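# Architecture at a glance
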Amino acid sequence: MTNKNTTTLPLFKAFESDKLSLINRTVMAPMTRGFSPAGVPGEDVAAYYRRRAENGVGLIVTEGTGINHPSSVSGASIPVFYGEESLNGWAQVVKEVHKVGGKIVPQLWHVGMTRKKGDLPNQEALPVGPSGLELSGEKVTEPMTEDEVADIVAAFGQAAADAKRIGFDGIEIHGAHGYLIDQFLFKDTNQRTDRYGGDIVGRTRFAVEIIEACRREVGPDFPIIFRYSQWKMSDYKAKLAKTPNELESLLQPLVEAGVDIFHCSTRRFWEPEFEGSDLNLAGWTKKLTGKPVISVGSVGLDGEFTSFASAKKTSLDGLTEKLANDEFDLVAIGRSLLMDPEWVKKVRDNREDDLLPFNKEALQTLY
Ligand code: PHB
């Protein structure tokens with residue numbers, strides 16, 4: 001075995017936790033594609049995920065898929081997770097991925113106030129959020145009523161039940177990036193004075209109710225992954241928690257509600273989260289909760305999140321070192337895996353020189 005191969009070895013150790021076993025530490029990061037006309041994932045979507053699974057990805061997290069609420073997504077080609085046709089499409093995705101020995105969880109999503117009035121599908125459906133505020137502070141709609149909260153909580157629960165019924169290996173709840181659940185977590189967008197607002201613990205209540213509803217539906221043994229981030233799509237500098245103590249206050253209620261694995265979204269996995277320690281957000285989350293964690297952020301690339309033009313391939317040394325030190329358990333790979341469906345296999349087989357060069361034009365095919 002060569003030296004080089006030895007350094008990527010931590011990525012290829014099996015992962016065992018009480019509810020989930022994976023062949024290695026690689027996770028396909030959720031990435032919105034908009035290739036599901038009328039919200040229905042078709043054969044091409046199943047083939048896209050199968051291609052990553054058959055090339056050695058340990059766990060696939062699907063692109064965000066809308067729960068059963070009229071304003072859960074923005075865009076007619078974003079897949080949804082309700083209705084017979086969409087769920088049949090997803091069942092086919094699961095079947096194809098399982099055929100080649102892969103594992104897959106859907107990312108359950110509501111975009112909240114990032115939806116613009118008039119967006120497809122359901123152009124008449126208004127955006128909803130804890131206080132009706134966009135991140136800019138602009139008030140666009142009325143704050144969600146308690147009935148609306150209850151409906152959305154129930155819709156997440158139903159989606160979790162459906163995920164289990166059609167054969168998925170778990171679920172991921174999208175609580176990151178400034179979308180609905182994160183809008184409740186974040187003080188700038190949650191100015192409620194009822195039990196869904198207030199201090200950091202009050203602001204977790206919506207997430208807690210969603211996690212509890214999902215847990216009730218799927219039972220004790222089905223993995224629930226919760227994705228969260230400090231940053232928002234329209235504010236990379238935003239912070240939910242400025243100190244480890246604040247982070248602990250935020251995470252503890254989520255653990256108690258039933259989260260099994262945290263997926264900690266950062267734009268660059270190598271950046272320390274708080275002063276005085278090299279730990280990134282995933283590292284801190286593991287330390288504070290004792291739960292397994294997924295790290296993510298420009299793995300294999302030197303460019304920015306959402307930057308496709310400038311990103312270049314980089315060495316995996318820093319990543320595998322953090323993994324070997326147990327700072328985190330799993331590593332999600334986004335753009336690299338979008339670009340090259342064989343990314344995991346090539347890295348595993350020490351064929352890094354064969355990785356497809358990152359380029360925007362080739363990405364258009366998204367095959
Ligand atoms: C996107 O469509 O660019 C997008 C969607 C969901 C995310 C992040 C980015 O969490």
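Before going into details, it helps to say that this report is about the structure given with it. (Residues numbered from 1 in each chain as written. Predicted model: local features only at pLDDT ≥ 70, side-chain atom pairs only at ≥ 80, totals over all residues. Heavy atoms only, no water.)

### A short note on the packing of aromatic side chains
- The final tally for this structure, using the stated rule, is 12 aromatic pairs.
- Here the aromatic rings of Phe81 and Trp90 are separated by 6.1 Å at their centres, their planes lie at 45 degrees, and the arrangement is tilted.
- Centroid distance Trp231 to Tyr236: 5.7 Å. Interplanar angle 80 degrees. Geometry classified as edge-to-face.
- Judged by its relative accessible area of 5%, Trp231 is buried.
- The class for Tyr236 is partly exposed, based on a relative accessible area of 34%.
- Ring-pair connections join several aromatic residues into one group, and the members of that group are Phe81, Trp90 and Phe168.
- The lysine or arginine in question, Arg33, covers the ring of Phe35, its NZ or CZ lying 4.6 Å from the ring centre.
- Cation over ring: Lys232 sits above Phe186, and NZ or CZ is 4.5 Å from the ring centre. (Phe/Tyr/Trp six-rings, centres within 6.5 Å; stacked < 30°, edge-to-face > 60°. Buried < 20%, exposed > 50% of the residue type's maximum accessible area, 1.4 Å probe, protein only. Lys NZ or Arg CZ within 6 Å of the ring centre and 35° of its normal.)

### Looking at the sheet that holds strand β10 (residues 330-333)
- The sheet built from eight strands closes into a barrel, its strands ordered β3-β4-β5-β6-β7-β8-β9-β10 with parallel pairing. Going across the sheet, the axis of each strand differs from the next one's by a mean of 25 degrees, ignoring polarity.
- Where strand β3 (residues 26-28) and β10 come together, three bridges link them in parallel fashion. Residue pairing in the sheet places Val27 in a bridge with Ala332 of β10.
- Each of β7 (224-232) and β8 (261-265) touches helix α8 (residues 244-257); the most contacted strand, β7, lies at about 155 degrees to it. (Pairing = 2+ DSSP bridges. Helix = DSSP H or I, 4+ residues; strand = E, 2+ residues; numbered from the N terminus. Axes fitted to C-alpha atoms, helices over the stretch in contact; angles between N-to-C directions. Contact = heavy atoms within 4.5 Å.)

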